[in-house]
Amino acid sequence: MKQTKQQSASGKVVPFTGEFYPVTDTPAPTTDNTPTYLVIVAAALIAGLSMGAIFTYQSADQVQLRQMKAQSEQLEQVKNQVCRN
């Protein structure tokens, strides 16, 4: 009788059949967060590269270079028009 009481304390007794089933601790499901971290790192890398490209494109040197290029093209067009006539 003592054995039954000890077993029922560590397991559960099915009321109708009286069969003993040991209680098993189900481990918590482990989730792998590696894909989430990879997505975050990739997004940060893309954001950093795009910000760097924007800052480079809008830098004073690049703006001046684009203006000089446009002026050079205009000068070339004027030279072509003058030399033809």
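Computed from a predicted structure; not experimentally measured.

Next up on the list: the overall build of the chain. Looking only at helices and strands, the chain has 3 helices and 2 strands in total. Walking the chain from its N terminus toward its C terminus, one meets helices and strands in the order α-β-β-α-α. Per-residue burial for the chain yields a buried fraction of 1% across its 85 residues. Accessible area for the chain stands at about 8,200 Å²; split by element, carbon and sulfur atoms hold 61% of it.

What follows deals with the confidence of the model for the chain. Mean pLDDT for the chain: 82, with 74% of residues reaching 70 or above. Looking over the chain, one finds the lowest element-wise mean pLDDT in helix α1 (residues 2-10), namely 51, and the highest in helix α2 (residues 34-57), namely 95.

Further remarks concern the packing of aromatic side chains. The full count for this structure, using the stated rule, is 0 aromatic pairs. R66 extends its terminal NZ or CZ atom over the ring of Y57, reaching a point 3.8 Å from the ring centre.

Taken together, the side chains of M51, I54 and F55 define a hydrophobic patch exposed on the protein surface, amounting to about 330 Å² of accessible area. One can find I54 in helix α2.

Take the environment of Y57 next. Here Y57 is to be found in helix α2. When its relative accessible area of 52% is taken as the criterion, Y57 is described as exposed. Residues within four places of Y57 in sequence aside, it is in contact with Q62, V63 and R66.

Here is what the cut-offs are and how they apply
Residues numbered from 1 in each chain as written. Predicted model: local features only at pLDDT ≥ 70, side-chain atom pairs only at ≥ 80, totals over all residues. Heavy atoms only, no water. Helix = DSSP H or I, 4+ residues; strand = E, 2+ residues; numbered from the N terminus. Buried < 20%, exposed > 50% of the residue type's maximum accessible area, 1.4 Å probe, protein only. Areas by Shrake-Rupley, 256 points an atom, 1.4 Å probe, with all protein chains shown as cover. pLDDT = per-residue confidence, 0-100. Phe/Tyr/Trp six-rings, centres within 6.5 Å; stacked < 30°, edge-to-face > 60°. Lys NZ or Arg CZ within 6 Å of the ring centre and 35° of its normal. Patch = residues over 30% accessible without salt bridge, like charges linked within 9 Å, V, L, I, M, F, W, Y side chains within 5 Å. Salt bridge = Lys/Arg side-chain N within 4 Å of Asp/Glu carboxyl O. Contact = heavy atoms within 4.5 Å.

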